[in-house]
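# Chain and residue survey
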There are 2 protein chains.
Amino acid sequence: MAALRCNVAAVAPVAGVARAVAGAERAVGVATPSAALGRFMGLKRVSNVRAAPAPVARVAQKSAAVVTKAVAVETLEKTDTALVEKSINTIRFLAIDAVEKANSGHPGLPMGCAPMGHILYDEVMKYNPKNPYWFNRDRFVLSAGHGCMLQYALLHLAGYDACRMEDLQQFRQWGSKTPGHPENFETPGVEVTTGPLGQGIANAVGLALAEAHLAARFNKPDAKIVDHYTYCILGDGCNMEGISNEAASLAGHWGLGKLIAFYDDNHISIDGDTEIAFTESVDARFEALGWHCIWVKNGNTDYDSIRAAIEEAKSVTDKPTMIKVTTTIGFGSPNKANSYAVHGAALGTKEVDATRQNLGWEHPPFHVPEEVSAHWSKHLTDGPALEASWEESLAAYEQKYPEEAAEFKQLISQKLPTGWEKALPTFTAESPADATRNLSQTVLNAMARVLPGLIGGSADLASSNMTLMKMFGDFQKATPGERNLRFGVREHAMGAIVNGICLHGSGLIPYCATFFIFTDYLRAAMRISALSEAGAIYVMTHDSIGLGEDGPTHQPIEHLASFRAMPNILMFRPADGNETAGAYKIAVERRKTPSVLALSRQKLPHLAGSSIENVAKGAYVVSDNSSSNKPDLIIMASGSEVEIGMKAADMIRAEGKTVRVLSFVSWELFEEQSAEYKESVLPAAVTARVSVEAGATFGWERYTGSKGRQVGIDRFGASAPINILYKEFGLTAENVVAKAKEVM
Amino acid sequence: MAALRCNVAAVAPVAGVARAVAGAERAVGVATPSAALGRFMGLKRVSNVRAAPAPVARVAQKSAAVVTKAVAVETLEKTDTALVEKSINTIRFLAIDAVEKANSGHPGLPMGCAPMGHILYDEVMKYNPKNPYWFNRDRFVLSAGHGCMLQYALLHLAGYDACRMEDLQQFRQWGSKTPGHPENFETPGVEVTTGPLGQGIANAVGLALAEAHLAARFNKPDAKIVDHYTYCILGDGCNMEGISNEAASLAGHWGLGKLIAFYDDNHISIDGDTEIAFTESVDARFEALGWHCIWVKNGNTDYDSIRAAIEEAKSVTDKPTMIKVTTTIGFGSPNKANSYAVHGAALGTKEVDATRQNLGWEHPPFHVPEEVSAHWSKHLTDGPALEASWEESLAAYEQKYPEEAAEFKQLISQKLPTGWEKALPTFTAESPADATRNLSQTVLNAMARVLPGLIGGSADLASSNMTLMKMFGDFQKATPGERNLRFGVREHAMGAIVNGICLHGSGLIPYCATFFIFTDYLRAAMRISALSEAGAIYVMTHDSIGLGEDGPTHQPIEHLASFRAMPNILMFRPADGNETAGAYKIAVERRKTPSVLALSRQKLPHLAGSSIENVAKGAYVVSDNSSSNKPDLIIMASGSEVEIGMKAADMIRAEGKTVRVLSFVSWELFEEQSAEYKESVLPAAVTARVSVEAGATFGWERYTGSKGRQVGIDRFGASAPINILYKEFGLTAENVVAKAKEVM
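Keep in mind that this is a model prediction, so the values were computed, not measured. Per-chain numbering applies: the sequence of each chain, read as written, is numbered from 1 onward. Going through the entries in the order they are written, you letter the chains from A and number the ligands from 1. Given that this is a predicted model, residues contribute local features only at a pLDDT of at least 70 and side-chain atom pairs are listed and counted only at 80 or more, while totals for whole chains, interfaces and linings are drawn from all residues. Note that water and hydrogens are dropped before the side-chain values are worked out from all heavy atoms of the structure.

### A few points about the nonpolar core
The criterion, for reference: As used in this record, nonpolar core signifies buried Ala, Val, Leu, Ile, Met, Phe, Trp, Tyr and Cys residues forming a set joined through side-chain atoms within 4.5 Å. Here the term buried applies to any residue with accessible area under 20% of the maximum for its type, exposed to any over 50%, and partly exposed to those in between, with areas from a 1.4 Å probe on protein chains only. By the convention used here, residues are in contact when the closest approach between their heavy atoms is within 4.5 Å.
By size, the foremost hydrophobic cluster in this structure holds 101 residues, and its most contacted members are F664(A), L731(A), F664(B) and L731(B). Beyond its immediate stretch of four places on either side in the chain, L731(A) contacts I545(A), E641(A), I644(A), V692(A), E693(A), A694(A), V711(A), G712(A), I713(A) and Y726(A).

### Quick notes on the packing of aromatic side chains
Cut-off, in case you're wondering: The rule is short: rings of Phe, Tyr and Trp, with Trp giving its six-membered ring, pair when the centres are within 6.5 Å, and they are stacked under 30 degrees, edge-to-face over 60, tilted in between. Numbering of helices and strands starts at the N terminus; helices are DSSP runs of H or I of at least 4 residues and strands are runs of E of at least 2. Lysine NZ or arginine CZ positioned within 6 Å of the ring centre and within 35 degrees of the ring normal marks a charge as sitting over the ring.
Across all of its chains, the model carries 59 aromatic pairs over all chains by this definition. On the basis of an interplanar angle of 0° and a centroid distance of 5.3 Å, the ring pair of F93(A) and W361(A) is categorised as stacked. In this pair, F93(A) sits in helix α5 (residues 81–102) while W361(A) sits in the loop between α14 (349–358) and α15 (370–376), placing the two residues 268 residues apart along the sequence. For W361(A), a relative accessible area of 5% puts it in the buried group. Its guanidinium or amino end placed over the ring of Y401(A), K220(A) lies 5.0 Å from that ring's centre, counting from NZ or CZ. The side chain of K258(B) reaches across the aromatic face of Y229(B), ending 5.5 Å from its centre.

### A word on the UniProt feature "binding site: substrate" (unreviewed entry) in chain A
Residues and elements named next belong to chain A. Operational definition: UniProt positions are given in the numbering used here, feature names are shortened, and annotations may be inferred rather than shown by experiment. What qualifies as a polar contact is a pair of N or O atoms within 3.5 Å, subject to a donor-acceptor requirement within protein and to the restriction that residues adjacent in sequence count only when both atoms come from side chains.
Using the residue numbers shown here, the UniProt feature "binding site: substrate" (unreviewed entry) corresponds to H106, H343, R437, S464, H542, D550, H554 and R601. Maximum C-alpha separation among the annotated residues is 48.0 Å over a sequence range of 496 residues, too wide for a single clustered spot. Along the polypeptide, R437 turns up in helix α18 (residues 436–450). Apart from residues lying up to four places away in sequence, R437 is in contact with S463, S464, N465, M466, T541, H542, L599, S600 and R601. With respect to the secondary-structure elements, H542 resides in the loop between β12 (537–541) and α22 (559–564). Apart from residues lying up to four places away in sequence, H542 is in contact with R437, S464, F515, F516, L547, H554, P556, L599, S600 and R601. Among the polar contacts listed, one links the side chain of H542 to the side chain of T541, at a separation of 2.8 Å.

### Quick word on the pattern of salt bridges
All names here are of chain A. Let me state the cut-off plainly: The term salt bridge refers to a pairing of a side-chain nitrogen on Lys or Arg with a carboxyl oxygen on Asp or Glu at a separation within 4 Å.
Going through the model one piece at a time under the given rule, you end up with 70 salt bridges over all chains. Across the salt bridge formed by K409 and E398, the nearest N and O atoms sit 3.2 Å from each other. Residue K409 is found in helix α17 (residues 402–412), and its partner E398 is found in helix α16 (residues 378–400); the two are separated by 11 residues along the sequence. Taking the relative accessible area as the measure of exposure, K409 reaches 35% and is therefore partly exposed. By sharing partners, the salt bridges in this structure join E123, D304 and R307 into a single network.

Structure follows, in structure tokens:
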């Protein structure tokens, strides 16, 4: 076995030793330079030194009693190395040519990672190109998303409809299926949306978690209906990001043995050699995080070591594996390989020609040699056969385990159980006042009984966020079938892991939680929820200065506005129990839109006018003493300030005026309403309007209009008991009345 | 020496071994339980086992030729262990009593970390309580900021004015100097603002970087005028956060030998035992990151090991040191120690009594025994003596090195050199069109020549963000006097490091850079810039869909709005060269307010009406064909869309109308203007208004008014060439004209 296990003793304690070894390896063993080839060794020069045909053909899971019957497996012939090299160069040139045509993109990674890409998609992974959404497929995540032409080329060779030749030729163009970074919502076959570095590896942890969880819940000793690997390629950039360390720490803790990550160790990032900013020992760090680590010293041409490393990774079932694959970025380009110049720009005609010559590639742009396409065409039959075999297994499973099969099929249909919403609790104005974070826990626990896909937890604040599902235990290495997730203080990875769980596409409905202020830590992941249509539920408590003494580091101010400004995310700020239940109802129903629930730490009264149904309108009348649609004043509020608005309304009514109070539980949902509905609650003729909300006033002009007033907080908070803070910041009925009188 | 170096061989490769050892240690060696004391061993039980007086008294730097003359050092007597214990218990009970009085706060950490706190503030650190801002003081950062009563108690004992007894008694109350988390802007003696976990350790890296940089620039073989350590206490929570890994990786890379971090290894986080989510080997990870690691197995009572660890840490000058100090959270509380119950809530009267009894503390609340205050009173004379000695050294330095001394004194005065702004470049409408990111580089390089404090860099995007100062090299381990920082792909740590550099208070003016979209990765640090009055400059390029093909993962939409909603941060979107220079002028001048510059990737023309001075107004007229203050239409735009607004204006003027165009370069600055100025550019009588900006329209209603229109993008972007995108998203003069006609 050529793969070298890097144990800690070999690389620690001096950081940089591993790097030095790798450097020496590149200089001596891998990329002995010649004057003609510059710093890199093209395949041409080793094409005579052909390795023996790889013993590792594509195999189905030995341990999967049912699936190992897969008829497709036996039909896979062994592939000779010349053909493998031709396939790898096809991938490289599809990437080169597409970037060249777009005059934009990142050729370096596809050129360096083509070997591992080929081995994964041609020899290792099981998938069905005719049904990119087949449940039991292996998942692949390109965490280094800028290298997306690698994946598009692979999807093309494998026969995915989204990546036909004309799609590759439309790389990075308006309306194409091949955008500048992988986007699951544009390209069937792409699992998640990557590009922002470090997100993908954390998504992969979520995908692997989903598999481990469902396998524990549904597999039987004689039937593994849930059984796939999650593969990921990440680069130096991903490994520098904090989110990847958070995610890797959790993956190690959870022992996600079917997560196999390839670290594209090419020593180059945009600013140049990683020596200038990244000299830690990545392998030693991953070992410290509980991963199994393997080092493939020559990822450019030593295909057998890549194969052997994957085999070894699969044999380690209690830990995730990180395979460090040392590669040359832009492999094949005589003048740009191993430099940042090849990372993120087209090679240019001259260098493309030089690379063609260097790699002996005498084909026109976008050419796939016939033997290569003939070889890959097997996946068009193998894939459907794999799926059919799995369907057969599922049918057998259904015979033996009808109850489990019913739940499993319900889940993976991604449809909600009929009538689930009847389990949502309702409240009356007489129900005892409570914090919406507590009401949220009541709702979560009610939903947990009827939604088999509900899974989630908090970033070390379960007892503050009130997110535990009491009937379930913790998802842990020994208990992966449980549903309470313990993320530790790792908000950013939490968000990205939850995205992975969503986009596993198996009907799991994940929620996650922290203080609302700490959305700042996971905002990048939340934005990708919104962009990638992952219907995650963000349970964000301690939603204002109302949290009191912890002070301004913990008090959200601009956060409501910052999410209201973000596309495709629902920002809820419920005022009581019914609104909390109503917010969850919509959050669960909208599987392609994430939801954020901002919940109070402090107790709030239940409103007489609230209901689950009203939440769907976004804003609605909770109190009104006007008879026509023309009150003297409209007060708008959300969450904990609805109570203040109601008090202010009563004070003004006592002076003989008519006042309407609106609860603005979700601006996005209000914007979805008809013009008629909007006019019915917020008539244009009434310009005397005041908003009150314990947050930035930014944006409220949309509803108060130019003549209205906004009561809010446009400075940072402070450390003091809640009642003092509300008074000092003017969040009082008296202040609302005073502002109202300015405009009435 | 009792401190045990944890080498990797001892703890790797099985994650959890170190934890198991620590657990065994706690159970056997440290905290042998007795029925009476529950799970913890109070000091009472070991008070007879008194260690020999510590040989490590407070010493000045041996290597500091000038400073070692410090008269104060000789006067420090050795302290006997009984007094140390009494001091430590004083700290514990000040924390307990303050939390109890506030009925809010976090007693657990102060109780566990009191020993290391005492040793640091009484025996190790040099500071002057009479001048918390003395330049050459050691810096201390409580990254686990929730434990702030530890620091307040220490500042009280040390004699800082901000933490008098009445301040401690006002813990967490409105207007007090002792807020719920450490806030540098409230409490002199607190260096940075912490609480959001992981920020503090990254701030500490920035503080240590500032020291290393200034030491390299100003120290001479015979005179070390810059010479202090940076100490930090961080907990399990900080160590789980990705930002801390990013920062630690950089600290290791940079070899910041005078950074000494104490990891409060108490095995408890809010959700319970860290076993549920945090089982990695933290020490092995830090070793992989290039740190020197030391393990103090018994941080509760083994004071000599803490002292020895600090000595050892100081002896390692080429690496930062992480001292893992295994402690018992809530040490002394018989029923709550070693549990999450003691983390974040008052102990309650009964448990406070039990803790008093358990630790033999027969004093009333808020009591400082006379011998303890007598002992600590030395700092009131030692501190001024240390500063006076340093001033003397500085005077001697000034004699020998007048030029360097002048620059140094200019820097630490934190005043800008007179007339620096004359170096800012200006442009005319005839200057060649250019991207504002390029113009930004021109300005940065011009400023670098006249601002000795300018230091900064990018998160691996220097050649895209255009942030290199061409006359300087890279700040690296071997070249710490250089001023280009290479952060790697570590945005979050970058922001927090920059905060540390700002709050070092030595006149350094740090900037940092990434793509505007990736503010999502460092938003938590940017918010702390704003809150903690750190005048960092955020150079954020690729500021809209104008970046083109990289697509929606890279295209900011809601980001302008999200910063406009944040308090105390200036959001600039300059339209050309003069506006870029003007934005930098203000960013540099406002040392207590961070600035964000959103800069274009694409070329923009220079405007005839722009100037550095106009930027200060926030919004101003760039083009107008009306004679009175009543144009038929006002078009508002920012950055790259000003050009579009100008074109639209010309098209409408061609139809005989009067149109005014405003460049809205900074909303915050516009809000600072007088009502008269606002009316002069945006007259209330003109309601025909259109805004155009390549971002969310959210918030623009403030200026367009109820009757106006907003042209913008309220969905995610797409991957395509820039011209296509602008057309498809309606960011065209034609569309602005169409919207204008709806309201004219």
